[in-house]
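An overview of the molecular structure
One-letter residues, chain by chain:
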Amino acid sequence: MIEDMKVKRLHCIGLLLAALTTGLFAPAARADAAPWPSIGPDGGDARRFAFDPRDPGRIYLGTTDSWIYVSTDGGSSWARLARLPGRENLVIDSLVVDRSDPRTLYAGVYVADQTGGGIFVSHDRGQAWSEAPGMRGQPVFALAQAPSRPAVLVAGTLNGVYETVDQGQHWRAISPPGSKEVHEVQSVAIDPFDPQTIYAGTWHLPWKTTDGGANWKSISTGLIDDSDVFSIIVDRSRPSVLFASACSGIYRTDDYAGTFRKIQGIPSTARRTRVLMMDPADRNTVYAGTTEGLYKTVDGGDNWTRTTGPDVIVNDVYVDPRNPKHILLATDRSGVLASEDAGAGFIASNTGFSQRQVAALLPDVKTPGTLYAGVVNDKIYGGVFITTDFGRTWKQQSDGLAGRDVFELAQGADGTLLAGTSDGVYRWADGAWTEDDTVTGRLPMPAPPKPKKTSIVRGKRITHREPIRREPKLPVVKAIHGRVTALVADGATWYAATALGMFRSADDGATWEGPILGEPLPGVSAATSPYTAIAVAGDTAFAASRQGIMTSSNQGVIWQPIVYPSGLTAVNALAVTPDGAIWAGGREGLFISSNHGATWNPLKQLPVVDISSLAWDDALHRVILTSWQSTVIFAIDPGDKTWKWWNTGWTVRSVASVGDRLVAASQFSGVVVQPPPETSHAGGAAQTAQR
């Protein structure tokens with residue numbers, strides 16, 4: 001019976017969550033409201049280009065989170081066009097604009113873990129998309145259209161090669177069923193004059209068919225054995241000439257892939273060439289986009305020159321057919337790079353394009369309109385970004401971080417900016433970040449009070465003193481290293497949580513002491529159950545790990561455990577309201593204690609679980625909450641537990657108030673902002689019952 005009740009409750013929560021995220025609870029006029037707009041920082045991961053053959057200045061760009069962008073000015077600026085339906089994590093690694101009907105577009109996609117994917121088709125220049133039923137669930141890594149017969153397209157998937165002869169309406173496998181060779185297809189190419197001749201590059205050498213897939217032949221002569229073939233291109237004027245890129249280098253053939261010869265000139269460290277692109281005006285000019293920059297040859301591959309730095313990871317190359325000196329690169333981390341001199345030099349061209357993974361968001365405490373964003377997974381192109389005009393422009397402020405990810409941001413009372421990184425705490429000073437993590441000492445761990453036990457002996461009550469369990473000796477730490485999981489600056493007292501435990505500074509970061517907390521529970525080390533959340537209100541501080549919650553009433557000098565919320569398996573977020581109540585959120589939902597952790601009560605009416613962030617918002621006088629399973633932000637009244645809510649359209653990590661608007665850190669699309677004059681919707685126990 002209890003298990004049935006739990007299932008029914010989870011089912012109801014799921015229905016409420018679906019209603020919230022699809023706009024069912026919103027007025028009809030707002031049912032199809034667009035996601036909150038992204039305001040940057042510009043840049044991030046760009047995957048694949050495609051352009052309108054009748055208007056080459058109209059360029060489409062695929063991303064890693066289901067979004068397609070469009071540029072109408074040759075890549076100078078970008079705008080979000082559409083998000084492919086179904087999932088938020090589709091990698092759009094293949095884009096094709098139909099040569100016979102540029103209103104028709106095809107997108108081949110896969111999920112990052114390669115468990116799903118498919119092909120999507122649009123007939124209105126990318127505004128609306130539908131999934132091709134015959135390819136549903138297929139991870140698609142490559143897609144090509146036959147130059148001589150536009151109705152024919154070929155797709156490369158994990159399972160093999162597929163073909164459509166009716167512009168994507170129906171698909172069939174043309175590689176041998178269950179083949180142990182023609183599968184895990186990374187690249188495809190079609191002969192410019194014969195649509196029956198198809199090339200397929202797999203994770204283990206290339207293959208060729210000249211009869212539309214009835215028979216396949218290995219074309220590995222001259223290639224190093226077991227080469228992953230990332231890209232194949234065919235000379236459109238001389239189809240006997242092909243170039244193929246593999247993990248073992250770049251190869252050329254002049255006899256329809258009868259024999260390949262390895263092209264020299266590209267160092268082995270850059271041999272993972274993700275894309276090859278031939279200049280449409282000069283077949284001897286070929287660009288090779290590698291994991292260590294862009295290479296170029298002007299003599300058919302005999303000699304190569306790198307034209308970018310080695311830190312540029314190139315996913316795709318666009319060469320303007322009207323002006324081959326105009327080159328665009330789609331890159332990891334640095335977004336779109338543009339050249340107007342045939343690749344001799346590049347500059348960022350990311351206006352309107354934001355695919356940043358923002359892990360931390362901080363409004364400046366002293367300057368309205370100034371925001372800081374901490375970015376992960378972008379190495380030297382990431383770190384910290386600052387805007388002083390509410391997102392109209394951003395500037396990278398990462399000198400000294402050396403490519404470290406930034407997971408936390410905090411600001412001292414005097415305006416000092418702190419960054420919690422993948423390797424310690426950093427302070428912004430004199431135009432650069434410097435390590436702020438020298439540990440000068442350790443605070444003593446107080447012994448827990450001696451427990452008492454009573455028993456009746458010969459009719460008399462006897463009190464026994466139990467042995468005292470002392471904390472184990474803490475390791476000597478000279479510096480705060482490792483990923484910072486929480487960072488709070490409260491007056492002169494700062495707190496940092498890491499895999500080594502909790503650290504504390506009582507002098508604005510001049511010196512740190514720690515680890516000040518060791519075991520969250522007896523026998524459980526901080527390394528295996530790190531502290532993940534900190535909440536501070538005046539002298540009182542709380543620190544939560546995966547398996548315990550500790551509290552201090554004297555600014556972190558002495559800590560004691562409190563009761564862990566029953567029913568919560570892990571605490572992801574903590575907040576303290578002005579009335580002293582503690583709010584804890586995790587996978588099973590939201591729990592509240594009004595008696596300093598002695599007892600906890602779940603907020604059962606809340607229609608979301610898997611809480612990702614909690615924060616007290618002074619402007620709204622409410623607790624702001626986000627969930628990993630919803631695109632809805634909740635602002636909960638601590639008194640009557642009713643809430644306001646906004647559907648952002650994004651999965652967001654955290655939220656903050658800036659003036660009369662909310663801003664949020666999205667998982668893949670930078671900082672998103674509440675559009676004016678958007679209003680909230682009401683919710684709570686009474687409102688939910690009425691609906």
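Quick notes on the rules
- Residues numbered from 1 in each chain as written.
- Predicted model: local features only at pLDDT ≥ 70, side-chain atom pairs only at ≥ 80, totals over all residues.
- Heavy atoms only, no water.
- Pairing = 2+ DSSP bridges.
- Helix = DSSP H or I, 4+ residues; strand = E, 2+ residues; numbered from the N terminus.
- Axes fitted to C-alpha atoms, helices over the stretch in contact; angles between N-to-C directions.
- Phe/Tyr/Trp six-rings, centres within 6.5 Å; stacked < 30°, edge-to-face > 60°.
- Buried < 20%, exposed > 50% of the residue type's maximum accessible area, 1.4 Å probe, protein only.
- Lys NZ or Arg CZ within 6 Å of the ring centre and 35° of its normal.
- Polar contact = N/O pair within 3.5 Å; in protein donor to acceptor, adjacent residues only side chain to side chain.
- Contact = heavy atoms within 4.5 Å.

1. Let's talk about the sheet that holds strand β21 (residues 261-263)
Two strands in a sheet stick together by hydrogen bonds in their backbones, pointing the same way (parallel) or opposite ways (antiparallel). The four strands lie next to each other as β18-β19-β20-β21, forming an open sheet whose pairing is antiparallel. Because the sheet does not close on itself, it has two edges, and the strands there are β18 (229-234) and β21. Mean inter-strand twist for the sheet, computed between neighbouring axes without regard to direction, equals 25 degrees. Bridging between β18 and strand β19 (residues 242-246) involves five bridges; their strand directions are antiparallel. Residue pairing across strands places serine 231 opposite serine 245, the latter belonging to β19.

2. Observations regarding the packing of aromatic side chains
Within a pair of aromatic rings, the relevant descriptors are the distance that separates the centres and the angle that separates the planes. Taken as a whole and assessed by the stated rule, the structure comprises 11 aromatic pairs. Centroid distance phenylalanine 634 to tryptophan 643: 5.9 Å. Interplanar angle 85 degrees. Geometry classified as edge-to-face. On the basis of relative accessible area, tryptophan 643 is assigned to the buried category, the value being 4%. Put simply, the rings of Phe49, Phe51, Trp78 and Tyr318 pair up and form one aromatic cluster. If you follow arginine 80 out to its NZ or CZ, it ends over the ring of tryptophan 67, 4.9 Å from the centre. Positioned above the aromatic ring of phenylalanine 407, the side-chain terminus of arginine 483 is 3.7 Å from the ring centre.

3. Considerations on the side chain of serine 666
Within the secondary structure, serine 666 is located in strand β59 (residues 661-666). Side-chain polar atoms of serine 666 contact the backbone oxygen of glycine 670, separated by 2.7 Å. If we skip the residues at most four places from it in the chain, serine 666 touches Arg356, Gln357, Val358, Trp650, Thr651, Val652, Arg653 and Val672.

4. What about unusual backbone geometry?
Going from glycine 40 to proline 41, the amide bond is cis rather than trans, its omega being 0 degrees. Note on placement: proline 41 falls in the loop between α1 (2-22) and β1 (43-44). The phi dihedral of lysine 379 falls on the positive side, at around 50 degrees, and the residue is not glycine. Residue placement: lysine 379 occurs in the loop between β32 (371-376) and β33 (383-387). The phi dihedral of aspartate 610 falls on the positive side, at around 55 degrees, and the residue is not glycine. The residue aspartate 610 is located in the loop between β53 (601-602) and β54 (611-617) in this model.

Interpretation note: all reported values are geometric properties and have no functional meaning in isolation.
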